[in-house]
Amino acid sequence: MAEDAIIFAMANPNPEVHPDVAHRHARVVATGRSDFPNQINNVLAFPGIFRGAFDVHASAITENMKVAAADALAALVGEDLSEDFVIPSPFDPRVGPAVAAAVAEAARRDGVARA
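Residues numbered from 1 in each chain as written. Predicted model: local features only at pLDDT ≥ 70, side-chain atom pairs only at ≥ 80, totals over all residues. Heavy atoms only, no water.

Novice: Please explain helix α4 (residues 95-110) as it appears in this structure.
Specialist: The periodicity of an α-helix, 3.6 residues per turn, causes residues three or four positions apart to be oriented the same way. With 16 residues, α4 extends 22 Å from end C-alpha to end C-alpha; this agrees with the ideal 22 Å at 1.5 Å per step. Packed against the buried residues of α4 are α2 (46-55) and α3 (63-77). Gly111, located one to two residues past α4, shows a positive phi value of around 80 degrees. (Helix = DSSP H or I, 4+ residues; strand = E, 2+ residues; numbered from the N terminus. Expected span 1.5 Å × (residues − 1). Contact = heavy atoms within 4.5 Å.)

Written as structure tokens, this is what we have:
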């Protein structure tokens, strides 16, 4: 594997490679499991995406809205970025509101907001 590799082993409940094994070969490891650091799960994005879209009565979900959701998640990590913190926890109370606000703003920019 390349130096400083990243492994996203997303299968649930058993990732394709166990995080303990993956860490022997990669600098950053993420899974869909909540009992390991860097849980990547759609619960990080979907509630906020829908809240933001509903708040502005969006007529569509655009690619820019999805990118805005990802950017909002990355911004929550900010300066705290580390091998064990590349994405905020789904339990972080800032996640939903940050994603919703970013999605609503993107909907306005894209012209799909009706309110």
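And the narrative resumes.
Novice: Would you take a moment to explain the packing of α3 against α4 for this structure?
Specialist: Describing two packed helices takes the angle between their axes plus the distance from one axis to the other. Two numbers describe how α3 lies on α4: the axes approach to 8 Å, and their chain directions differ by 145 degrees. In this structure, α3 crosses over α4, and the sense of that crossing is right-handed. Residues Asn64, Met65, Ala68, Ala69, Ala72, Leu73 and Leu76 of α3 touch α4, and the partners they reach there are Val95, Ala98, Val99, Ala102, Val103, Ala106, Ala107 and Asp110. (Axes fitted to C-alpha atoms, helices over the stretch in contact; angles between N-to-C directions. Left-handed = near helix turned anticlockwise from the far one by under 90°.)

Novice: I would appreciate a short explanation of a nonpolar patch on the surface in the present structure.
Specialist: Among the surface-exposed residues, Ile6, Phe8 and Met10 lie close enough to one another that they form a single nonpolar patch of about 290 Å² accessible area. Along the chain, Ile6 falls in strand β1 (residues 6-9). Since its relative accessible area comes to 56%, Ile6 is described here as exposed. (Patch = residues over 30% accessible without salt bridge, like charges linked within 9 Å, V, L, I, M, F, W, Y side chains within 5 Å. Areas by Shrake-Rupley, 256 points an atom, 1.4 Å probe, with all protein chains shown as cover. Salt bridge = Lys/Arg side-chain N within 4 Å of Asp/Glu carboxyl O. Buried < 20%, exposed > 50% of the residue type's maximum accessible area, 1.4 Å probe, protein only.)

Novice: Would you explain the side chain of Thr31 in this entry?
Specialist: Inspection of the secondary structure puts Thr31 in strand β2 (residues 28-31). Accessibility expressed as a relative area gives 1% for Thr31, which makes it buried. At a separation of 3.0 Å, a polar atom in the side chain of Thr31 contacts the main-chain amide nitrogen of Arg33. Discounting chain neighbours no more than four positions away, the residues touching Thr31 are Ala9, Met10, Pro15, Pro19, Phe36, Asn38, Gln39 and Ile40. (Polar contact = N/O pair within 3.5 Å; in protein donor to acceptor, adjacent residues only side chain to side chain.)

Novice: Mind showing me how you'd approach the nonpolar core here?
Specialist: The tendency in soluble globular proteins is for nonpolar side chains to be buried side by side. Counting 20 residues, the largest nonpolar core has Ile49, Ala58, Met65, Val95, Val99, Val103 and Ala107 as the members making the most contacts within it. Residue assignment for this core shows that the elements contributing at least two residues are α2, α3 and α4. (Core = buried A, V, L, I, M, F, W, Y, C linked by side-chain atoms within 4.5 Å.)

Novice: Mind showing me how you'd approach the environment of Leu81 here?
Specialist: With respect to the element layout, Leu81 can be found in the loop between α3 and α4. Counting along the chain gives 18 residues from Leu81 to Glu63, while the straight-line C-alpha distance between them is 25 Å.

Novice: What is the right way to look at the environment of Glu83 in this model?
Specialist: Of note, Glu83 is situated in the loop between α3 and α4. As a C-alpha pair, Glu83 and Arg27 span 56 residues in sequence and 6.5 Å in three-dimensional space. Among the polar contacts made by the side chain of Glu83, one reaches the side chain of Arg27 at a distance of 2.5 Å.

Novice: When you look at the packing of aromatic side chains in this model, what are you seeing that I'm missing?
Specialist: Geometrically, a pair of aromatic rings is defined through the distance of the ring centres and the angle of the planes. For the structure shown, the criterion picks out two aromatic pairs. Between the aromatic rings of Phe46 and Phe50, the centroid separation amounts to 5.9 Å while the plane-to-plane angle is 25 degrees, which identifies the pairing as stacked. A residue pair is termed a helical-turn pair when its members lie 3 or 4 positions apart in one helix, as Phe46 and Phe50 do in helix α2 at four residues. On the basis of relative accessible area, Phe50 is assigned to the partly exposed category, the value being 40%. Taken together, a centroid distance of 6.2 Å and an interplanar angle of 20 degrees make the contact between Phe50 and Phe54 stacked. Taken together, the residues span about one helical turn, with Phe50 and Phe54 both in helix α2 at a distance of four residues. Here the aromatic residues Phe46, Phe50 and Phe54 are joined through ring pairs into a cluster of three or more. (Phe/Tyr/Trp six-rings, centres within 6.5 Å; stacked < 30°, edge-to-face > 60°.)

Spatial relationships are all this shows, so hold off on functional conclusions.
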